[in-house]
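Now for the letters of each chain:
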Amino acid sequence: MCRILIVDDDPHICLAIRAWLKRYGFRVTIADGGSSGLSALDNSTFDLMIVDIFMPNMRGFESIRVFHNHAPKVPLIAISGYAFAGSETSGPDFLRMAMRLGATRCLRKPFRPTTLLSVIDQCLSETEPYGRYVTTLTAVSSALSEPQGMMSREGAATV
């Protein structure tokens, strides 16, 4: 069973992500900030981390750098409510900065649960190059099914 650490100072975000991930069989630990997240890393092992970029007491990208340095082989998904700069703006590119500091992927809040599951699958697939994480694929497939039709395992639409 895949273990995921969520580090975010917003309890609503943590509870929402935990509820969604537990529904699909993930074991989830929540930390409400940088210090409690590092303590969780010291006391347990995780297959993946989801870390907010901007939290009190760990300013800016310090959290990404610290968590990546503490567990460099564990994929880290950086999340933030701040807009990432695009080609049409001249602001800082938070996405690129987070990736340079060790994030495997980045998501802007709010994001859809299916998007999160897809990104988790990508991260875990990179650590297991010969197969995708079956629980996540099943979850994404189930979440994307519509009453009009659903995708079969072979990729053909069925009605």
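What you see is a predicted model; the values in this text were computed from it and never measured.

S.K.: For the pairing of strand 1 (residues 3-7), give the residues involved together with the corresponding values.
M.R.: Counting buried residues along strand 1, five of its five residues qualify, which places the element largely inside the surrounding structure. Here strand 1 shows no split at all, with Arg3, Leu5 and Val7 on one side and Ile4 and Ile6 on the other all buried. Note on the crossover from strand 1 through helix 1 (residues 11-23) to strand 2 (residues 27-31): the handedness is right-handed. Relative to strand 3 (residues 48-52), strand 1 runs parallel, the two being bridged by four bridges. The residue of strand 3 that forms the bridge with Val7 is Val51.

S.K.: Kindly report on the pattern of salt bridges, identifying the contributing residues and their values.
M.R.: Where side chains of opposite charge bring their charged atoms close, a pairing between them can arise. In this structure the tally under the stated criterion is three salt bridges. Taking the shortest distance from any N to any O, the salt bridge between Asp8 and Lys109 comes out at 2.8 Å. Residue Asp8 is found in the loop between strand 1 and helix 1, and its partner Lys109 is found in the loop between strand 5 (105-108) and helix 5 (113-127); the two are separated by 101 residues along the sequence. The class of Asp8 is buried, set by a relative accessible area of 0%. Using a relative accessible area of 13% as the deciding quantity, one classes Lys109 as buried. Between Arg105 and Glu126 there is a salt bridge, with its nearest N and O atoms 2.4 Å apart. Of the two residues, Arg105 is situated in strand 5 and Glu126 in helix 5; the sequence distance between them amounts to 21 residues.

Rules of the game
Residues numbered from 1 in each chain as written. Predicted model: local features only at pLDDT ≥ 70, side-chain atom pairs only at ≥ 80, totals over all residues. Heavy atoms only, no water. Buried < 20%, exposed > 50% of the residue type's maximum accessible area, 1.4 Å probe, protein only. Helix = DSSP H or I, 4+ residues; strand = E, 2+ residues; numbered from the N terminus. Right-handed = clockwise from strand over helix to strand, strands pointing away. Pairing = 2+ DSSP bridges. Salt bridge = Lys/Arg side-chain N within 4 Å of Asp/Glu carboxyl O.

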